[in-house]
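# Analysis of the macromolecular model
What follows is each chain in one-letter form.
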Amino acid sequence: MPRKRAHYGSVRRLPSGTYQASIPNPDHPGKRISAPHTFTYSRDAWSWIYDQRLQIEQGTWGKQKTSLTFGQYATTFLQRQPWSTSTRNNRTRIYRNHIRDYWDEVPLESISPTFVLRWIEERLRGLSAAYRKDVFRLFNQILLGAEDEELIERNPASKKVVRRARGPRSGEKLGRRQKWALSPTQIKMLSLQLPDNMRVLFYLLTIYGLRTEEVRGIKKQAINFTEGSIRIRSVVTGDGKNREIRDTTKTPAGTRTIYLGPITSMMLKEYISVRSRKEEDYVFQSPTKDGEPIGHGTIYQAIHDAVERLGYPAAAPHDMRHGAITCASRLKGFSRVDLKTFFGHAHGSKDITEVYEHTDEDAQRRLGLALEKEVLG
């Protein structure tokens with residue numbers, strides 16, 4: 001196929017279907033320099049040509065200011081950031097899983113916007129919009145640091161690249177992940193992927209629909225094993241410096257008593273017994289800080305890893321509540337008021353049944369038992 005030419009540079013399509021870009025060698029007239037890799041789209045090949053021309057016009061082409069690789073600089077950059085422990089762990093995990101293997105040995109000065117675009121196409125498109133945004137933010141932050149230290153002329157993550165990196169996939173709103181409800185089978189499969197010390201917590205989220213902050217706020221004194229119930233009276237929100245412990249729930253409707261099925265009740269009793277919890281102790285504690293309530297990040301990461309191993313769509317802890325309420329709504333013999341009371345959901349706009357209809361302890365007990373039976377049999 002003939003080459004497509006402009007007044008500077010040329011692009012040709014190879015038999016493989018990819019595109020090769022080349023420019024005249026500014027140091028050796030009559031010779032040409034090809035891009036170090038081919039391109040999936042011709043527009044990316046032309047973008048590389050324009051990028052090279054810009055460097056030539058600015059007098060920066062071929063001038064290497066550093067021999068540092070991206071991986072060498074990123075390691076130093078990450079180490080000196082004043083992040084909290086949870087933030088550092090999260091950023092390190094993102095770097096290790098989505099950035100390091102691709103960029104580790106690439107010289108800083110050889111990273112161009114076109115190179116970045118190819119990384120996005122090859123590695124980031126399969127991620128959710130929100131998580132893709134987190135990965136790109138860290139990558140961009142590292143390159144901004146290199147630019148500030150004058151290790152590179154300019155940050156190759158241009159506005160065009162940022163817009164493309166953060167752009168939603170078809171049918172997906174920017175920054176928003178499609179929520180979904182786990183089926184009973186999926187709940188059982190996911191529970192097997194979790195550490196033993198997270199399983200009963202997971203069941204409280206997925207079977208009984210407790211909010212994450214409600215689970216974190218449970219103390220031993222709130223549990224009555226004789227009647228198999230948990231009193232929800234306080235919550236723990238946030239992590240690190242943003243953690244807040246409140247003796248009130250999200251809404252007045254959130255203050256309630258949850259009735260457990262016998263299997264969950266037995267698991268919870270064994271969990272507490274093994275850990276010798278005192279009456280005033282939090283039931284679910286931080287794995288690194290004795291006596292402190294478990295962090296939201298710890299719960300999120302455990303569920304995220306389990307979901308990823310099974311190849312399920314991305315899910316956050318609050319999605320577990322969606323599954324529980326969906327399951328409950330399909331059970332026969334329970335009214336909307338029964339469900340709203342059980343899950344601590346504020347009434348919002350009321351119809352006549354919600355004004356005059358009431359629930360009782362028996363209905364709440366039966367609902368808890370029915371939910372456990374639906375999932376655990």
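Scroll up a little and you will see the structure.
Our subject in this report is the structure included herewith. Counting starts from 1 at the beginning of each chain's written sequence and moves along it residue by residue. In view of the model being predicted, local features appear only for residues whose pLDDT reaches at least 70, and side-chain atom pairs are presented and counted only at 80 or more, with totals across whole chains, interfaces and linings using the full set of residues. Side-chain numbers come from the whole structure's heavy atoms, not from hydrogens or water.

Axes here mean lines fitted to C-alpha atoms, for a helix over just the part in contact, with angles spanning 0 to 180 degrees between N-to-C directions. By definition, any uninterrupted DSSP run of H or I lasting at least four residues is a helix, any uninterrupted run of E lasting at least two residues is a strand, and each is numbered from the N terminus. One way to put it is that helix α10 (residues 262-275) packs onto helix α15 (residues 361-376) with a least axis distance of 8 Å and a crossing angle of 85 degrees. Regarding the angle of α10 to α15, the classification is roughly perpendicular. Contacts between α10 and α15 involve P262, I263 and T264 from the first element and L369, E372 and L376 from the second. Classes in brief: Ala, Val, Leu, Ile, Met, Phe, Trp, Tyr, Cys and Pro nonpolar; Asp, Glu, Lys and Arg charged; the others, Gly included, polar. A class-by-class count of the residues in the contact of α10 with α15 yields four nonpolar, one polar and one charged. For this classification, under 35 degrees means roughly parallel, over 145 means roughly antiparallel, 65 to 115 means roughly perpendicular, and everything else is oblique. Residue contacts are counted whenever heavy atoms from the two residues lie within 4.5 Å of one another.

Take the sheet that holds strand β9 (residues 256-259) next. Either a parallel or an antiparallel arrangement is found when strands of a sheet pair, and the pairing is made through backbone hydrogen bonds. If DSSP finds at least two bridges between two strands, the strands pair. The strand order across the open sheet built from three strands is β5-β6-β9, with neighbouring strands paired in antiparallel fashion. Only two strands of the sheet have a single partner each, and these edge strands are β5 (223-224) and β9. Here β5 runs beside strand β6 (residues 229-232); their pairing, made up of two bridges, is antiparallel. The residue bridging I223 from the neighbouring strand is I230, located in β6.

Our next topic: the environment of S128. If you trace the backbone, S128 turns up in the loop between α4 (113-124) and α5 (129-148). The exposure class assigned to S128 is buried, which follows from its relative accessible area of 14%. Sequence separation of S128 and A314 is 186 residues, and the distance between their C-alpha atoms is 7.3 Å. Here a polar contact is taken to be a pair of N or O atoms separated by no more than 3.5 Å, where protein atoms must pair a possible hydrogen donor with a possible acceptor and residues adjacent in sequence count only if both atoms sit in side chains. Looking at S128, its side chain comes within polar contact range of the main-chain nitrogen of Y131, at 3.2 Å. Only protein chains enter the accessibility calculation, which uses a 1.4 Å probe. A residue is then buried if its area is under 20% of the maximum for its type, exposed if over 50%, and partly exposed in between.

All right, on to the pattern of salt bridges then. One side-chain nitrogen of Lys or Arg within 4 Å of one carboxyl oxygen of Asp or Glu is enough to make a salt bridge. Overall, the coordinates contain 12 salt bridges when judged by the stated rule. One salt bridge in this structure joins R123 and D101, with 3.0 Å as the shortest N-O distance. Residue R123 is found in helix α4, and its partner D101 is found in helix α3 (residues 85-103); the two are separated by 22 residues along the sequence. Judged by relative accessible area, R123 falls into the partly exposed class, the value being 37%. A salt bridge links E279 to K220, with the nearest nitrogen and oxygen atoms 3.9 Å apart. Placement of E279 in the loop between α10 and α11 (296-310) and of K220 in the loop between α9 (212-216) and β5 is noted, with a sequence separation of 59 residues between them. A network of salt bridges, in which partner residues are shared, links R211, E214 and R256.

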